[in-house]
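Residues per chain, in single letters:
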Amino acid sequence: MNRITFDAKRIAEGYLNRPWLHKKVMEQFVKDCKITSNFQNGLDVGCGAGLSTKALRLICDRVTGTDISEQMIQVCQEEYKNDKAYTFYRAKAEETKEPVEKYDIVTAAGMVNWVDRDLFLRNMGCVLRDQGILLIYDFWITDKMQGNDSYTNWYQNEYLKRFPKPPRNETIWKQEELPDDFQIKNQITYELAYDFSMEQFIDFMMVQSNVESGAVNEKNARDWLEKSLTPVFENREKTLYFKGYNWYIYKLG
C-alpha cells in the first residue's frame with residue numbers, strides 16, 4: 001500500500017482537541033506516589049500539542065515541552081504563549097538539552113514505543129536530578145463502548161481491517177534491562193471512560209496513527225468513518241473506554 005500522510009499542521013492542531021485524559025493520569029500519579037507538594041521544574045518529552053504538558057503544569061511550577069515535530073512545537077507555542085511557566089523547543093526524545101537546573105520530574109506520554117530506550121535513558125540520566133521521577137504513561141481507545149456490542153464489532157471487524165495498527169515497539173520495560181541508576185517503583189494499568197458525540201469521536205479517530213498514516217486520503221477516511229459509525233452512535237452521545245498504563249521510575253543518587 002502507498003502511504004498517504006495527512007497535512008502535518010492539521011494533525012498538530014487536531015491533537016489540541018483530543019480528550020484531556022492526561023489530567024486523570026496526573027491525579028492517579030499523585031495518589032499512587034503520595035505527592036504532597038508541587039515540583040519546581042518539569043520536562044514533558046514528546047509533548048505533541050501540549051495536552052500532556054498542561055497536565056504536568058498541574059503539579060509543577062515550571063514546565064518545558066519538547067517534540068520532534070516542528071508543527072507540534074509551533075502549535076504549543078501559540079497555545080501557551082501568554083503563560084511564562086511554559087517553554088517549548090524542538091528536540092528528539094534522546095537529545096533533550098541538559099538544563100541549568102535539572103528537572104525534578106520528566107513525563108513521557110505515548111512516546112516510548114518510538115524511541116531508542118538505552119539512548120533515551122542515558123539522556124534522562126543527564127537531565128534528571130537525583131531522586132527525580134520519570135513518569136512514563138500512555139492510554140489508547142479500545143473496542144469497548146458502554147452497552148453497545150455493535151461498536152466492538154465495528155472496531156474489530158471494520159476499523160482495524162481498514163486501518164491496521166502501524167508497527168511499533170510495545171515491549172514492557174523490565175528492571176534488569178535498565179541502567180543501574182534507574183529503579184522501577186511500580187507499573188500499573190487502568191481503564192478510563194470518556195463521553196463522545198459521533199462528530200467528536202470522528203475528529204479523534206482522524207488523528208490516530210492508524211488513520212493518518214494509512215493509505216486513505218483525509219476526505220475518504222472521514223466519509224467512511226461517518227457512514228460506518230452512524231448506526232453505532234444512533235445520534236446520541238456514547239461512553240467509550242480507554243486502556244492505559246503508568247510506569248513510575250526513579251533516578252537513584
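What this report covers is the structure whose coordinates are included nearby. Keep in mind that this is a model prediction, so the values were computed, not measured.

Rules used in this analysis
Residues numbered from 1 in each chain as written. Predicted model: local features only at pLDDT ≥ 70, side-chain atom pairs only at ≥ 80, totals over all residues. Heavy atoms only, no water. Helix = DSSP H or I, 4+ residues; strand = E, 2+ residues; numbered from the N terminus. Buried < 20%, exposed > 50% of the residue type's maximum accessible area, 1.4 Å probe, protein only. Contact = heavy atoms within 4.5 Å. Areas by Shrake-Rupley, 256 points an atom, 1.4 Å probe, with all protein chains shown as cover. Core = buried A, V, L, I, M, F, W, Y, C linked by side-chain atoms within 4.5 Å. Pairing = 2+ DSSP bridges. Axes fitted to C-alpha atoms, helices over the stretch in contact; angles between N-to-C directions. Expected span 1.5 Å × (residues − 1). Bend = angle between axes of the 7 residues up to and from the residue. Polar contact = N/O pair within 3.5 Å; in protein donor to acceptor, adjacent residues only side chain to side chain. Parallel < 35°, antiparallel > 145°, perpendicular 65-115°, else oblique. Left-handed = near helix turned anticlockwise from the far one by under 90°. Nonpolar A, V, L, I, M, F, W, Y, C, P; charged D, E, K, R; others polar.

1. Comments concerning the overall build of the chain
Now for step 1: Assigned secondary structure in the chain consists of 9 helices and 7 strands.
Now for step 2: Reported as C-alpha extents along the three principal axes, the dimensions of the chain are approximately 55 × 35 × 35 Å.
Now for step 3: Here the chain, with 253 residues, has 51% of them falling under the buried criterion.
Now for step 4: Partitioning the intrachain contacts of the chain with sequence separation of at least 6 by distance along the chain shows that 77% fall at a separation of at least 24.
Now for step 5: Roughly 13000 Å² of accessible area belongs to the chain as shown, and the carbon and sulfur atoms make up 45% of that amount.

2. Points about the nonpolar core
Now for step 1: One finds Phe29, Ile141, Tyr151, Trp154, Phe201, Leu229 and Phe233 to be the most contacted residues of the largest nonpolar core, which totals 53 residues.
Now for step 2: Leave out the neighbours within four places in its chain, and Phe29 touches Lys34, Ile35, Phe39, Ile59, Ile105, Ile133, Leu135, Asn246 and Tyr248.
Now for step 3: Judged by nonpolar contacts, the second largest core, of 23 residues, contains Val45, Met111, Leu128 and Phe182.

3. So, the sheet that holds strand E1 (residues 39-45)
By way of backbone hydrogen bonds, the strands of a sheet pair with one another, either parallel or antiparallel.
Now for step 1: Pairing within the open sheet is mixed, and its 7 strands lie in the order E3-E2-E1-E4-E5-E7-E6. The sheet is open, and its two borders are formed by strand E3 (86-90) and strand E6 (182-196), each paired with just one other strand. Geometrically, the sheet is characterised by an average inter-axis angle of 20° between neighbouring strands, direction not taken into account.
Now for step 2: In the packing of helix H2 (residues 22-32) onto the sheet, the strands contacted are E1, strand E4 (103-109), strand E5 (128-145), E6 and strand E7 (238-251), and the crossing angle to E5 comes to about 130°.

4. With respect to helix H9 (residues 218-233)
Now for step 1: Between the first and last C-alpha of H9 there are 21 Å, a value that for 16 residues agrees with the 22 Å anticipated at 1.5 Å per step.
Now for step 2: At Lys227, H9 shows its largest kink, close to 25°, and the proline Pro231 lies no more than four residues downstream.
Now for step 3: Looking only at H9, the buried set comprises Ala221, Trp224, Leu225, Ser228, Leu229, Val232 and Phe233.
Now for step 4: Tucked into the core, H9 has its buried residues touching E5, helix H6 (149-162), E6, helix H7 (198-205), helix H8 (209-212) and E7.
Now for step 5: Capping of H9 at its N-terminal end is provided by Asn217; its side-chain oxygen lies 3.3 Å from the backbone amide nitrogen of Lys219.
Now for step 6: Where H9 terminates, the next one or two residues include Glu234, which has phi positive at roughly 55°.

5. Comments concerning the environment of Leu192
Now for step 1: Take Leu192: it is sitting in strand E6.
Now for step 2: With 167 residues separating them along the chain, Leu192 and Val25 place their C-alpha atoms 9.4 Å apart.

6. Observations regarding the environment of Phe88
Now for step 1: Looking at the secondary structure, you find Phe88 in strand E3.
Now for step 2: It is 27 Å that separates the C-alpha atoms of Phe88 and Glu170, two residues lying 82 residues apart in sequence.
Now for step 3: The contact partners of Phe88, leaving out residues within four places of it in the chain, are Cys47, Thr53, Gly65, Ile73, Cys76, Gln77 and Tyr80.

7. With respect to the packing of H7 against H9
Now for step 1: Where H7 contacts H9, the axes come no closer than 10 Å and their chain directions differ by 140°. In this view, H7 runs oblique relative to H9, as classed from their interaxial angle. The two elements H7 and H9 cross, and the hand of that crossing is right-handed. Contacts between H7 and H9 pair Met198, Phe201, Ile202, Asp203 and Met205 from the former with Arg222, Leu225, Glu226, Leu229, Thr230 and Phe233 from the latter.
Now for step 2: Of the residues belonging to the contact of H7 with H9, the class tally is 7 nonpolar, 1 polar and 3 charged.

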